[in-house]
Amino acid sequence: GRTILLREVQEADAAFILSLRLDPRKNRYLSPVVDDVDRQREWIRGYLRSEGQAYFIICGLDGESLGTVRLYDAIGDSFSWGSWILKDGAPATAAVETAVLVYSVGLYWGFRHAHFQVHRGNTSVLAFHERFGARRTAETEEEVHLAIDEAAIRRSLERYANFLPEQLQIA
């Protein structure tokens, strides 16, 4: 991106991830996690051996860890994304830039759609996704299911093109 990059998670990120997940203001809509850095390292080791998902640390261009995001649950040409947390003090543009990077990576990997769930009470995140073109496909008592198709993804990438560098680098 212009001000952030996504790098694959490493075992050394366990304490940072745990600090985000244990923050009561950030974990309100996340699945609970045990306050145990060794268990977090173990989860990361399992992830690194797995296939079918990508877990990234969102970093500033200087390498500072700013948050997390994960792509997973591929179904045909659709992927899901979540585990999206930004630390306090992350640049104001980090959320939009992360989203455009996630969708760019998804398209690069051959996906044409995305699907995901957001906790019903997380109204700011719901509004964010809907501004990107996601539409509600189902609702439960706790979650709103959303989907975004390739046309809406491409419109959003065009709309938010100023958040992407001229040449996207995917390694």
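Please refer to the structure higher up on the page.
Attention here is on the structure that accompanies the text. Given the structure is predicted, the values throughout are model-derived calculations rather than measurements. (Residues numbered from 1 in each chain as written. Predicted model: local features only at pLDDT ≥ 70, side-chain atom pairs only at ≥ 80, totals over all residues. Heavy atoms only, no water.)

### Overview of helix α4 (residues 123–131)
Residues of α4 that are buried: L126, F128 and H129. The arc enclosing the buried residues of α4, seen along the axis, measures out at 160°, which places them on a common side. Exposed side chains of α4 directed beyond 90 degrees from the buried face belong to T123 and S124. Here the buried face of α4 lies against β4 (78–86), α3 (94–108), β5 (113–119), β6 (135–139) and β7 (143–149). With its phi angle positive at about 110°, G133 sits one or two positions after the end of α4. (Buried < 20%, exposed > 50% of the residue type's maximum accessible area, 1.4 Å probe, protein only. Helix = DSSP H or I, 4+ residues; strand = E, 2+ residues; numbered from the N terminus. Arc of directions from axis to C-beta. Contact = heavy atoms within 4.5 Å.)

### Things to note about the sheet that holds strand β2 (residues 54–60)
Strand order in the open sheet made by the seven strands is β1-β2-β3-β4-β5-β7-β6, with mixed pairing throughout. Whereas interior strands pair on both sides, the edge strands pair on one side only; in this sheet they are β1 (4–8) and β6. Strand-to-strand, the axes of this sheet are offset by a mean angle of 30°, without reference to chain direction. Of the pairings in the sheet, the one linking strand β3 (residues 65–75) to β4 comprises six bridges and is antiparallel in character. Opposite I75, over in β4, you have S78 as the bridge partner. With respect to the sheet, helix α5 (residues 150–159) is in contact with β5 and β7, its orientation differing from that of β7 by roughly 80°. (Pairing = 2+ DSSP bridges. Axes fitted to C-alpha atoms, helices over the stretch in contact; angles between N-to-C directions.)

### Topic: the pairing of β5
Alignment of β4 against β5, held across two bridges, turns out to be parallel. Each residue of the ladder has a partner; that of F79, found in β5, is A114. Where β5 lies against β7, seven bridges are found, and the strand directions are antiparallel. Note that in β7 the partner of A114 across the bridge is I148.

So, to be careful, I would describe these as geometric facts and stop short of saying anything about function.
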